[in-house]
Amino acid sequence: MAVTLYEKLMKNAQPSQWRKIVAENLDLDYCERFLTAAESAALLNYMEDNVSYFDGRLSQVKVFGQYYPIPRQQVAFGDTGISYKFSGTIVPAQPWPQPLYDLKKKIYTARGVDYNFVLVNRYKNGEDHMGEHRDDEVELDKTIPIASVSLGQTRKFVFKHTDVRKKIRQVELIKLDLHNGSLLMMNQPTNDYWFHSIPKEKKAKNVRLNFTFRKIK
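Residues numbered from 1 in each chain as written. Predicted model: local features only at pLDDT ≥ 70, side-chain atom pairs only at ≥ 80, totals over all residues. Heavy atoms only, no water.

- Identification of the protein chain as DNA oxidative demethylase ALKBH2 from Aphis glycines is taken from an unreviewed UniProt entry.
- UniProt, in the comment section headed Cofactor (unreviewed entry), describes the protein chain in these words: "Fe(2+)".
- Taken from UniProt, the Subunit (unreviewed entry) comment for the protein chain reads in full: "Interacts with PCNA homotrimer; this interaction is enhanced during the S-phase of the cell cycle. Interacts with nucleolar proteins NCL, UBTF and NPM1. Interacts with XRCC5-XRCC6 heterodimer." (UniProt positions renumbered as here; feature names shortened; annotations may be inferred.)

Okay, structure coming up:
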């Protein structure tokens, strides 16, 4: 079988450089250049040309009993029979496309975690966003970090401590610029104590894709 251009790029990628980010009950590992520019472009082009995103109820979120459109596009992939429930919606995993399966294997090589599910979020521009939330669903394996790969437009990623949301005390926000080709590992106990979000950014004009790899029990 012929080796694809994408597979060649994955094979020839240079070693990654990691940065540790820690705060009170927050533990992150961030690699700004996990994917090369060529890898990132190949994957972004593949997704834009070949992938259809959810519509109907799967494109909505349930808040206080009412359904509202998600302010971005979503689709999910994973192992056979895997699904993920959040905000009143059960998201079924479609079969892995080869480029995403290759990305999953690349993360396994770098971090030793074999994920079985990925949620893809597409932000068409800075108007698309993600509200404050924690990835604390019961079907998640909490011992496994969540891996987040970003493509395209750089966007701000904001962490807010639960005590700030509850107005108990002041804790400094943690803000990261998630760049094209980057990988962020959210290690425990981060999701127990910190909410995260992608706020609106008027100056962000281009498409951003985000792949959050999870281990479903």
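Considerations on unusual backbone geometry
Here is step 1: Gln188 connects to Pro189 through a cis peptide bond whose omega is 5°.
Here is step 2: Of note, Pro189 is situated in the loop between β13 (182–187) and α5 (190–193).
Here is step 3: Even without being a glycine, Asn25 presents a positive backbone phi close to 55°.
Here is step 4: For Asn25, the location among the structural elements is in the loop between β1 (19–23) and β2 (26–31).
Here is step 5: Overall, Asn25 belongs to the partly exposed group, its relative accessible area being 30%.
Here is step 6: In this structure, Lys167 takes a positive phi of about 60° despite not being glycine.
Here is step 7: Its place among the elements puts Lys167 in the loop between α4 (162–165) and β12 (174–178).
Here is step 8: The exposure class of Lys167 is exposed, given its relative accessible area of 77%. (Helix = DSSP H or I, 4+ residues; strand = E, 2+ residues; numbered from the N terminus. Buried < 20%, exposed > 50% of the residue type's maximum accessible area, 1.4 Å probe, protein only.)

Points about helix α2 (residues 37–50)
Here is step 1: Helix length check: α2, at 14 residues, gives a terminal C-alpha distance of 20 Å against a target of 20 Å (1.5 Å per residue), a fit within 8%.
Here is step 2: Within α2, the full set of buried residues consists of Glu39, Ser40, Leu43 and Met47. Seen along its axis, α2 keeps its buried residues to an arc of 100°; they face one direction. Turned more than 90 degrees away from the buried face of α2, the exposed residues are Ala37 and Asp49. (Expected span 1.5 Å × (residues − 1). Arc of directions from axis to C-beta.)

What about the sheet that holds strand β14 (residues 194–198)?
Strand pairing within a sheet occurs via backbone hydrogen bonds; the two strands may be parallel or antiparallel.
Here is step 1: Spatial ordering of the open sheet is given by β9-β14-β11-β12, a layout of four strands whose pairing is antiparallel. Edge positions in the open sheet fall to β9 (130–133) and β12, since each of these has one partner strand only. Strand-to-strand twist across the sheet, computed as the mean angle between neighbouring axes with direction ignored, equals 15°.
Here is step 2: In the sheet, strand β11 (residues 155–161) pairs with β14 via four bridges, with the strands oriented antiparallel. Residue pairing across strands places His161 opposite Trp194, the latter belonging to β14. (Pairing = 2+ DSSP bridges. Axes fitted to C-alpha atoms, helices over the stretch in contact; angles between N-to-C directions.)

Comments concerning the pattern of salt bridges
Here is step 1: A full pass over the atoms with the stated rule returns 19 salt bridges.
Here is step 2: Two residues, Arg122 and Glu48, come together in a salt bridge whose shortest N-O distance is 2.9 Å. One end of the pair, Arg122, is in strand β8 (residues 117–123); the other, Glu48, is in helix α2, and 74 residues separate them in sequence.
Here is step 3: Among the ionic pairs, Asp135 bridges to Arg214, the shortest N-O distance being 3.2 Å. With Asp135 in the loop between β9 and β10 (146–152) and Arg214 in strand β15 (residues 208–214), this pair connects stretches of sequence that are 79 residues apart.
Here is step 4: Note on Asp135: relative accessible area 8%, which makes it buried.
Here is step 5: When salt bridges with common partners are traced through the structure, they connect Lys20, Asp27, Asp29 and Arg111 into a single cluster. (Salt bridge = Lys/Arg side-chain N within 4 Å of Asp/Glu carboxyl O.)

Topic: the layout of surface pockets
Here is step 1: Here the largest pocket defines a volume of roughly 480 Å³.
Here is step 2: Counting only elements with at least two residues in the lining of the largest pocket, the list comes to β3 (60–63), β6 (83–86), β8, β9, β14 and β15.
Here is step 3: It is β15 that contributes the most residues to the lining of the largest pocket, four residues altogether.
Here is step 4: Looking at the lining of the largest pocket, its residues break down into 12 nonpolar, 10 polar and eight charged. (1 Å grid on protein atoms, 1.4 Å probe; cavity = no way out; pocket = protein on both sides within 12 Å on 5 of 7 lines; lining within 4 Å. Points joined across faces, edges and corners; volume = space filled by probe spheres on them. Nonpolar A, V, L, I, M, F, W, Y, C, P; charged D, E, K, R; others polar.)

Let's talk about the UniProt feature "binding site: substrate" (unreviewed entry) in the protein chain
Here is step 1: Following the UniProt record, one finds the feature "binding site: substrate" (unreviewed entry) at Tyr84, Lys85, Phe86 and Asp136. The largest pairwise C-alpha distance within this set of annotated residues, which runs over 53 residues, is 11.6 Å, so the set is compact in three dimensions. Residues from the annotated list that form part of the lining of the largest cavity: Asp136.
Here is step 2: Along the chain, Tyr84 falls in strand β6.
Here is step 3: According to the relative accessible area criterion, Tyr84 is buried, its value standing at 1%.
Here is step 4: In contact with Tyr84, not counting residues within four places along its chain, are Thr89, Ile90, Val91, Phe117, Asp135, Glu137, Glu139, Leu140, Arg214 and Ile216.
Here is step 5: You can call Lys85 partly exposed: its relative accessible area is 47%.
Here is step 6: Here Lys85 is in contact with Ile90, Glu137 and Glu139, once residues within four sequence places are set aside. (Contact = heavy atoms within 4.5 Å.)

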